[in-house]
Amino acid sequence: MLANVLRRNVKRAYPTCTGRCSLSTAVNQESDVVIVGGGPAGLALASALSSKVSTRDALKVVLVEAGDLGKVSQWAPPADAFSNRVSSITNASQSFLQEIGAWAHVDESRTCPIEEMQIWDGLSDARITFSTKDDGAWGMPGSGRLSQMARLTENLNLQRALLRQLRDVSAVEVLDKVKVQSIQREQREGGGWPLVHLSDGRVLRARLLVGADGFNSPVRTYADIQSYGWAYDTTAIVATLVHAPRTMFQAPNTVAYQRFLPTGPIAFLPLSPIASSMVWSTKPHVAEALLSSDPAVLTGMINAAFRLPDVSLRYLHEIIVDAANSGAPLSPQQLQQEIAWRERSHSIDSRSAYSLSADATGVPPADADTLPPLVTSIQPGTAASFPLRFNHADEYIGDGAGARTVLVGDAAHTIHPLAGQGLNMGLGDVQALFGCIQQALLTGADIGSRTALLPYARERYFENHKVMAACDKLHKLYAATSEPVVWARSVGVEVLNELDSVKAAMMLSAGSRSRLSGSQVGANLAASGLESLARSVSGIRTLTEGAANLAGSGVQRLLQLMADSQRR
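None of the values given here were measured: they were computed from a predicted structure. (Residues numbered from 1 in each chain as written. Predicted model: local features only at pLDDT ≥ 70, side-chain atom pairs only at ≥ 80, totals over all residues. Heavy atoms only, no water.)

1. Thoughts on the packing of aromatic side chains
Now for step 1: Taken as a whole and judged by the stated rule, the model has nine aromatic pairs.
Now for step 2: When the ring of Y396 is compared with that of Y461, the centres are 4.9 Å apart and the planes differ by 50°; the resulting orientation is tilted. Separated by 65 residues along the polypeptide, Y396 in the loop between β17 (384-393) and β18 (405-407) and Y461 in helix α13 (residues 450-479) bring together distant segments of the chain.
Now for step 3: Classification of Y396 by relative accessible area gives buried; the value is 1%.
Now for step 4: The ring centre of F215 lies 6.0 Å from the NZ or CZ of R220, which sits over that ring.
Now for step 5: Taking NZ or CZ as reference, R342 lies 4.2 Å from the ring centre of Y315, over its face. (Phe/Tyr/Trp six-rings, centres within 6.5 Å; stacked < 30°, edge-to-face > 60°. Helix = DSSP H or I, 4+ residues; strand = E, 2+ residues; numbered from the N terminus. Buried < 20%, exposed > 50% of the residue type's maximum accessible area, 1.4 Å probe, protein only. Lys NZ or Arg CZ within 6 Å of the ring centre and 35° of its normal.)

In structure tokens form, the structure reads like this:
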């Protein structure tokens, strides 16, 4: 009954044109939604639109992808081999994927829960820890304790799951190995629709054109949506790491580690008991030298990057780069000798977890849980690199000559990977856009109109900008080496680490729980705040006054110091 009503609404809102759905090059193929891009964001939107009867029966959806999606759907690696492109799927994103039926197709044996995160300053060692235990600090009614903060999975595992769901419902036409040759606007009175010309001769006439086509988005170009941003002087090295399993005296390999070095952060992300993924942001010339060296040298430097003081790491980078430029790369034996000498010069106990010669078997040292396990090798063929940049579209909805277009995922925003939020931001876009399309169908509105799409832009633009700005500022803050700046940020981190409620709020903002409406979140937090206030008015007053004084003077001093250091 509901589907029939929606179909009538669609026909009333959209006058039907002749020649519908013909595959001839002379006749346009009518489509309600054309999605350009078969990455996670594009596939997730197609899956969402096919998951509900209200959208599945009312809309004709076509997804266009230049690559071979058949390879993705047939992806079947060995159980002990992992791809080097992974994502940390937050609980909010996982909940959405479950809602649209896609998570049921994910191979969970190739995923790993993240139950704790340890992040520390590479210069001062100031550390902050986020754990599932911190989430209970809010005391949100009916929330329950989290079993995980996020779940790590290979991007191919997620893409394959989305393709399998699309195969099961057969409601979306998937055109892979087909490129977009051009996009033109139909010349028609009252404003035409986008005409997507494909390399196989087809022309898709789109009521709504969705750009999920990455940083160099043809859809964004067609819509004449400008973007702003910059390239970081940083390259990310990714690899799949092999290491010994945690001992019976330690927690399982479900802890993510990240150390902020002046050249960029290095992150260790668990995939299985004996494998983890790495993302190391560093200077381009250092990345090039490391990747051109013997894999054992890269392995040794990964272990050193989590353990040695920055002064020694900078020296090791210099000799590796010099050796690579001279045509005689540093050997693993030479690197081992250099590291051993550096450990002795820093008085690092050989029995400590900070020593690369520490025994990984038997009873672990007392500080073993503060560091990731020692890497023994790198999975062959997984070490790679890519440049990092910041980019944000001026708007997410096309207007004027670019009307009936909308951007999601990397087509709308590109972010530094230090917080692992890129894919989650894209899935958040998809969820919001899916909701707008559903609402438009229910009210008989035009799904391609600016009025119908405006709630999506309002919901997502500022939310994405907050995350992007925070990551950008963190990157720049931890690149500073001025002693006063290091002191100020270290004090801030150590104070923050003692405030469980603030950490819980940060986890909530990062997607530790399903995305709630603003009113729901506000009501829950207000109730929690009033209860806490009633329990300890005097304690909260003291804490508030102290925090306000510390924040006011500390932030002001930090900004002044950063400005002074830049002038110098």
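We are not done yet, so read on.
2. Considerations on the nonpolar core
One recurring pattern in soluble globular proteins: nonpolar side chains tend to sit buried together.
Now for step 1: One finds I35, L59, L97, L209, V210 and L433 to be the most contacted residues of the largest nonpolar core, which totals 70 residues.
Now for step 2: In terms of residue count, the dominant contributor to this core is helix α12 (residues 422-443) (ten residues).
Now for step 3: Excluding its chain neighbours within four sequence positions, the residues that come into contact with L433 are L45, V210, V406, V408, L453 and Y456.
Now for step 4: By size, the runner-up hydrophobic cluster in this structure holds 37 residues, among which are A239, I302, F306 and L316. (Core = buried A, V, L, I, M, F, W, Y, C linked by side-chain atoms within 4.5 Å. Contact = heavy atoms within 4.5 Å.)

3. Comments concerning helix α11 (residues 332-345)
Now for step 1: Helix length check: α11 (14 residues) gives 20 Å between terminal C-alpha atoms against 20 Å at 1.5 Å per residue, within 8%.
Now for step 2: Among the residues of α11, those classed as buried are L335, I339, R342 and E343. Projection of α11 onto a plane perpendicular to its axis shows the buried side chains occupying an angular sector of 100°, all on one side. α11 presents Q333, Q337 and R344 as exposed residues on the side facing more than 90 degrees away from its buried surface.
Now for step 3: Against the buried residues of α11 lie α9 (295-305) and α10 (310-326).
Now for step 4: Positive backbone phi, at 55°, marks S347, one or two positions downstream of α11. (Expected span 1.5 Å × (residues − 1). Arc of directions from axis to C-beta.)

4. Quick notes on the sheet that holds strand β4 (residues 112-114)
Strand pairs in the sheet, formed through backbone hydrogen bonds, run parallel or antiparallel to each other.
Now for step 1: With antiparallel pairing, three strands are arranged side by side in an open sheet as β3-β7-β4. Single-partner strands in this sheet number two, and they are β3 (86-90) and β4. Pairwise comparison of adjacent strand axes, ignoring direction, gives a mean angle of 35° for this sheet.
Now for step 2: Relative to strand β7 (residues 150-154), β3 runs antiparallel, the two being bridged by five bridges. Considered in β7, the bridge of S87 is made with T153. (Pairing = 2+ DSSP bridges. Axes fitted to C-alpha atoms, helices over the stretch in contact; angles between N-to-C directions.)

5. Considering the side chain of E65
Now for step 1: Its location among the elements puts E65 in strand β2 (residues 61-65).
Now for step 2: At 2.6 Å, the side chain of E65 and the backbone nitrogen of G38 are in polar contact.
Now for step 3: At 2.8 Å, the side chain of E65 and the backbone nitrogen of G67 are in polar contact.
Now for step 4: The residues contacting E65, other than those within four sequence positions of it, are G37, G38, G39, L175, D176, K177 and V178. (Polar contact = N/O pair within 3.5 Å; in protein donor to acceptor, adjacent residues only side chain to side chain.)

6. Examining empty space enclosed by the protein
Now for step 1: Tallying each qualifying case throughout the model produces one cavity of 30 Å³ or more.
Now for step 2: Of the volumes computed, that of the largest cavity is approximately 40 Å³.
Now for step 3: Lining the largest cavity, in full, are F260, L261, P262, T263, G264, P265, L474, H475, Y478 and A479.
Now for step 4: Those elements that provide at least two residues to the lining of the largest cavity are β13 (255-261), β14 (264-272) and α13.
Now for step 5: If one sorts the elements of the lining of the largest cavity by residue count, α13 sits on top with four residues.
Now for step 6: The class makeup of the residues in the lining of the largest cavity is seven nonpolar, three polar and no charged. (1 Å grid on protein atoms, 1.4 Å probe; cavity = no way out; pocket = protein on both sides within 12 Å on 5 of 7 lines; lining within 4 Å. Points joined across faces, edges and corners; volume = space filled by probe spheres on them. Nonpolar A, V, L, I, M, F, W, Y, C, P; charged D, E, K, R; others polar.)

7. Thoughts on the pattern of salt bridges
Now for step 1: As enumerated under the stated definition, the model contains 20 salt bridges in all.
Now for step 2: Of the charged contacts, one joins D32 and R207 as a salt bridge, the two residues approaching to 2.7 Å between their closest N and O atoms. Of this pair, D32 sits in strand β1 (residues 29-36) while R207 is found in strand β11 (residues 203-211), placing the two residues 175 residues apart along the sequence.
Now for step 3: Across the salt bridge formed by D472 and K476, the nearest N and O atoms sit 3.1 Å from each other. With D472 and K476 both in helix α13 and four residues apart, this pair spans about one turn of that helix.
Now for step 4: By relative accessible area, which is 2% here, D472 ends up buried.
Now for step 5: For K476, a relative accessible area of 41% translates into the label partly exposed.
Now for step 6: Through salt bridges with shared partners, a single network forms among E30, E186, R188 and R205. (Salt bridge = Lys/Arg side-chain N within 4 Å of Asp/Glu carboxyl O.)

8. Points about a nonpolar patch on the surface
Now for step 1: On the surface, a nonpolar cluster with roughly 400 Å² of combined accessible area is contributed by M248, F249 and V363.
Now for step 2: If you trace the backbone, M248 turns up in the loop between β12 (227-243) and β13.
Now for step 3: The class for M248 is exposed, based on a relative accessible area of 75%. (Patch = residues over 30% accessible without salt bridge, like charges linked within 9 Å, V, L, I, M, F, W, Y side chains within 5 Å. Areas by Shrake-Rupley, 256 points an atom, 1.4 Å probe, with all protein chains shown as cover.)

9. What to know about the environment of P265
Now for step 1: Positionally, P265 belongs in strand β14.
Now for step 2: You can call P265 buried: its relative accessible area is 4%.
Now for step 3: A sequence separation of 152 residues divides P265 from P417, and the C-alpha atoms of the two residues are 9.4 Å apart.

Function-wise, these values are silent; they only describe arrangement.
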